[in-house]
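# Geometric and topological summary
Residues per chain, in single letters:
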Amino acid sequence: MTAERPALVRVEDLHKSYARGRIKAVDGVSFNVHTGRVYGLIGPDGSGKTSVLQVLAGVLSADSGRAEVAGIDVTRRPEAVKPLIGYMPQGLGLNLYDTLSVGENIEFFRALRQVPDERYRQNVERLLAMTRLAPFLDRPAGKLSGGMRQKLALICTLIHLPDILLLDEPTTGVDPISRRDFWTIIQDLVATRGVTVLLTTSYMDEAERCTYVGLMDR
C-alpha cells in the first residue's frame, strides 16, 4: 500500500460569520488537501465554499480556526501565501480587465507576478496552445464569450506557474466544450507538474473528476 502524499493545504475547525456574527457561513470546517491531488469542495450555493477559499487565498479573515497553505498559517500571515498560489475567483473572468485585450491581460498579470522572460515565454506559449486563445490576442476581454473569458482567467491565474491552485466554481456558466477543455488543462497540470488543486463546484459530474471530495451543507 502506497503512503499518502503530505498535505499541502490544512483547514482545522474553521469558522467565519457575517453580519456581526448573525450569519454563519463556515462552522467548524476541517479537511486536508494532499500534494498533487485534486480536492473538490462540493455543496449548494450559500454553503460556505467560497468563504473557505477566500480565507485560504488570504483575501478574507477567519473568525477562528486554522488555515494553512504550504506550511503558512494564512489566518496569521495572509500576504505570505499569495506568491505561492493561483487564485481564480467565482464569476466569468472576474479577475480580468474588460478594456484590455487578451494579450494585454496576460502581460499585466505577468508584470504583477514578476515572471522572468524565459519562464514567461515558455509558459504563455503552452497555455495559449492548450486554451486555443492564440488567434484572439488582440480581442478585448469584454468581447469574449463566457468560456473564452474563463480560459483567459485561467491563463492569468497560471502565468507564474503556481504549485497550488484555488479555483472557485471555475466552470459555472460556461459551455460544455469549454468545461471539457478546462478539465483537460487541470488534469494535465496535475499529471505533468504535480500541481495541487482545491476547487469548489456544485456539479456532481465534476466531483467524479476529483481525487477526493468534501461535502458542505448549510
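A few points on the structure. Residue numbering note: each chain is counted from 1, following its sequence as written. Totals for whole chains, interfaces and linings use every residue, but because this is a predicted model, local features are given only for residues with pLDDT of at least 70 and side-chain atom pairs only at 80 or more, for both listing and counting. Heavy atoms throughout the structure, all of them, feed into the side-chain values; hydrogens and water do not.

## Observations regarding the packing of helix H4 (residues 117–131) against helix H6 (residues 176–193)
All axes here are fitted lines through C-alpha atoms, helices being fitted over the stretch that makes contact, and every angle between N-to-C directions spans 0 to 180 degrees. By the criteria applied, helices consist of DSSP H or I runs no shorter than four residues and strands consist of E runs no shorter than two, each listed in order from the N terminus. One can describe the packing of H4 onto H6 by two numbers: an axis separation of 11 Å at closest approach and a directional angle of 140°. Between H4 and H6, the crossing angle belongs to the class labelled oblique. Every residue of H6 that contacts H4 at Arg126, Met130 and Thr131 is listed here: Ile185, Asp188, Leu189 and Thr192. In this classification, the charged set is Asp, Glu, Lys and Arg, the nonpolar set is Ala, Val, Leu, Ile, Met, Phe, Trp, Tyr, Cys and Pro, and all remaining amino acids, among them Gly, are polar. Residue composition of the contact of H4 with H6, grouped by class: three nonpolar, two polar and two charged. Orientation categories follow fixed angle ranges, with anything under 35 degrees roughly parallel, anything over 145 roughly antiparallel, 65 to 115 roughly perpendicular, and all other angles oblique. Any two residues whose heavy atoms approach within 4.5 Å at even a single point are treated as in contact.

## Points about the pattern of salt bridges
Any carboxyl oxygen of Asp or Glu that lies within 4 Å of a side-chain nitrogen of Lys or Arg is treated as forming a salt bridge with it. Following the criterion strictly, the structure yields 16 salt bridges and no others. For lysine 49, the salt bridge is made with glutamate 169, and the minimal N-O distance between the two is 3.5 Å. With lysine 49 in helix H1 (residues 49–56) and glutamate 169 in the loop between strand E7 (164–168) and H6, the pair connects residues that are 120 residues apart, well separated along the chain. Here lysine 49 matches glutamate 169 in class, with each residue buried. Close ionic contact of arginine 180 with aspartate 181 constitutes a salt bridge, the shortest N to O distance being 3.8 Å. Burial status follows relative accessibility: with a 1.4 Å probe on protein chains alone, a residue under 20% of its type maximum counts as buried, one over 50% as exposed, and anything between as partly exposed.

## Overview of the pairing of E7
Of all the five residues making up E7, five are buried; the element is thus mostly covered by neighbouring parts of the structure. The pairing criterion is simple: DSSP has to find at least two bridges between the two strands. Relative to E7, strand E6 (residues 85–88) runs parallel, the two sharing four bridges. Among the inter-strand pairings, glycine 86 is bridged to a residue of E7, identified as leucine 165. The sheet contact formed by E7 and strand E8 (residues 196–201) spans five bridges and is parallel. Along E8, the bridge assignment pairs leucine 167 with leucine 199. By convention, orient the strands away from the viewer: a clockwise path from the first strand over the helix to the second makes the crossover right-handed. Crossover E7 to E8 through H6 is right-handed.

## Focus on a nonpolar patch on the surface
Residues enter patches when their relative accessible area tops 30% and they take part in no salt bridge; the joining distance is 9 Å for like charges and 5 Å for the nonpolar side chains Val, Leu, Ile, Met, Phe, Trp and Tyr. For accessible areas, the Shrake-Rupley method is used with a probe of radius 1.4 Å. Any residue's cover is judged against the shown protein chains and nothing else. A contiguous nonpolar surface patch, about 300 Å² in accessible area, is contributed by Tyr97, Phe108 and Leu112. Structurally, phenylalanine 108 is set in helix H3 (residues 102–113). With relative accessibility at 33%, the residue phenylalanine 108 sits in the partly exposed group.

## Section: empty space enclosed by the protein
Here the term cavity refers to a set of points on a 1 Å grid, laid over the protein atoms alone, in which a 1.4 Å probe fits but cannot get out; the term pocket refers to an open set having protein on both sides within 12 Å along at least five of seven lines, with lining residues being those that place an atom within 4 Å of a point. Grid points are joined across faces, edges and corners, and a volume is the space filled by probe spheres set on the points. For the structure on display, the rule yields one cavity of 30 Å³ or more. By volume, the largest cavity amounts to about 30 Å³. If you go around the largest cavity, the residues you meet are Asn123, Arg126, Leu127, Leu158, Leu161, Pro162, Leu189 and Arg193. Contributing elements (two or more residues each) for the lining of the largest cavity: H4 and H6. When residues in the lining of the largest cavity are grouped by element, the largest group, three residues, is from H4. Considered class by class, the residues forming the lining of the largest cavity number five nonpolar, one polar and two charged.

## Topic: the nonpolar core
Formed by 34 residues in total, the largest nonpolar core has its most connected members in Ile106, Leu152, Ile159, Leu165, Leu167 and Val197. Going through the elements one at a time, H3, H4, helix H5 (146–158), E7, H6 and E8 are the ones with two or more residues in this core. A per-element tally of this core places H5 first, with seven residues. What is meant by a nonpolar core is a set of buried Ala, Val, Leu, Ile, Met, Phe, Trp, Tyr and Cys residues, joined one to another through side-chain atoms within 4.5 Å.

## Some words on the sheet that holds strand E9 (residues 212–215)
Across a sheet, strands are paired by hydrogen bonds formed along the backbone, either parallel or antiparallel in direction. Taken in spatial order, the five strands make up an open sheet running E6-E7-E8-E3-E9, and their pairing is parallel. Two strands lie at the open edges of the sheet, namely E6 and E9, each paired on one side alone. Each adjacent strand pair in this sheet contributes to an overall mean axis angle of 15°, direction not counted. Two strands pair when backbone bridges link them, and strand E3 (residues 38–42) and E8 are joined in this way by five bridges, in the parallel orientation. If you follow isoleucine 42 over to E8, its bridge partner there is threonine 201. Running at roughly 155° to E6, H5 makes contact with E6 and E7 of the sheet.

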